[in-house]
Amino acid sequence: LGMKRFAILAPRTAYGRGMFEAFWGAVIRRGGSIRGARSYSSHARRFDDAIRGLIGRLHVNDLPVDRHWKRLNRKVPKRALHVPPKVDFEALFIPDSGHRVRLMLPYLSYWDIELKGDPNSTTSLLRHKYAGDTPTTVTLLGGAQFLHGDASRLPPQAQGAHFVDAYWADTELGAAFIDRWQRLHKKPPTKIAAFAYAAGRLAARVARDESSRAALRRNLFNIGEFSSIFGAGNIRSDGAIRIEPRILAFDANHGIQPVTRPARTNGR
């Protein structure tokens, strides 16, 4: 997406910490920068302090009041809203569920983090709000947990949010699996069911007529690349199974849609 400047807002969970570190490292390796990072409780229902910390509105007692922002928020006595927000990042990475992101959106709006796809934030409205300036608009980014809690129910403000997940079964094998599952169970398969099915297919492939664990292990390591309901995959030299994650985007009119990845260049 051509972005270079990022911020992170992560839950204080093992998943949140792991994604926090992985994302930060990936950004730095690719020449980008992290402009802010905050965490919040996994049980949080309010996100004011974490968001204020990202935009320079947490400790404001020593900051001068801005006349424009004081006039704009004259009915709100909070000093934090009388200083301009410092949004110097193009994307906000939130490694949490779609449900939690849905709870967080009103807080992002309240504290003046302008989302790029928000249909309520037109260019003219933003220029008026920011005294003629054009603010940085922010794209939401997420990880695989984004689909937990039914991300398709996100409001239109999340338009254009990007995230990744291994399970997006739009392959021929994936479509056949979903069809069979729905006919049998009368509902779509869960993510864990999809992974179990994919693992079962691999186990059946390497078992053949072998009767020892050593032979099964040898066959598994010799598979190399393979096709699955998730698309292409491969088995690494340490035995780990690698599946290329899919880049997905939220579309307010069509729900979750896969994003076509640009061709790789220079071997990257």
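Residues numbered from 1 in each chain as written. Predicted model: local features only at pLDDT ≥ 70, side-chain atom pairs only at ≥ 80, totals over all residues. Heavy atoms only, no water.

**Thoughts on unusual backbone geometry**
Most peptide bonds adopt trans geometry, and most residues besides glycine take a negative phi value. With a phi angle near 70°, Asp-112 is a residue other than glycine that sits in the positive phi range. As for its placement among the helices and strands, Asp-112 is situated in the loop between α4 (98-110) and α5 (123-129). Classification of Asp-112 by relative accessible area gives buried; the value is 6%. Even without being glycine, Ala-131 reaches a positive phi, approximately 55°. With respect to the helices, strands and loops of the structure, Ala-131 is situated in the loop between α5 and β4 (139-142). (Helix = DSSP H or I, 4+ residues; strand = E, 2+ residues; numbered from the N terminus. Buried < 20%, exposed > 50% of the residue type's maximum accessible area, 1.4 Å probe, protein only.)

**Some points on the sheet that holds strand β9 (residues 246-251)**
One open sheet holds the 7 strands; their spatial order is β2-β1-β3-β4-β5-β9-β10, and the pairing between them is mixed. Looking at which strands have only one partner, the edges of the open sheet turn out to be β2 (33-40) and β10 (255-258). Here the average twist between neighbouring strands, direction ignored, is 25°. Sheet analysis places strand β1 (residues 5-11) next to β2, joined by 7 bridges and oriented parallel. Considered in β2, the bridge of Ala-7 is made with Gly-36. Packing against the sheet, helix α1 (residues 14-29) makes contact with β1, β2, β3 (91-93) and β4, and its axis sits at approximately 170° to β1. (Pairing = 2+ DSSP bridges. Axes fitted to C-alpha atoms, helices over the stretch in contact; angles between N-to-C directions. Contact = heavy atoms within 4.5 Å.)

**Considering the environment of Ile-247**
As for its position among the elements, Ile-247 is in strand β9. With a relative accessible area of 22%, Ile-247 lands in the partly exposed category. When the C-alpha atoms of Ile-247 and Phe-163 are compared, they prove to be 5.9 Å apart, with 84 residues separating the residues in sequence.

**Let's talk about the pattern of salt bridges**
As a working rule, side chains carrying opposite charge can pair if their charged atoms are close by. One pass over the structure, following the stated rule, counts 12 salt bridges. In this structure, Lys-129 engages Asp-112 in a salt bridge whose closest nitrogen and oxygen atoms are separated by 2.6 Å. Here Lys-129 is found in helix α5, whereas its partner Asp-112 is found in the loop between α4 and α5, with 17 residues between them in sequence. Asp-112 shares its class with Lys-129; the two are buried. Note that Asp-179 is salt-bridged to Arg-183, the shortest N-O span being 3.1 Å. Here Arg-183 and Asp-179 lie together in helix α6 (residues 172-185), a separation of 4 residues that amounts to about one turn. Each of the salt bridges in this network shares a partner with another, and the network as a whole consists of Arg-57, Asp-112, Glu-114 and Lys-129. (Salt bridge = Lys/Arg side-chain N within 4 Å of Asp/Glu carboxyl O.)

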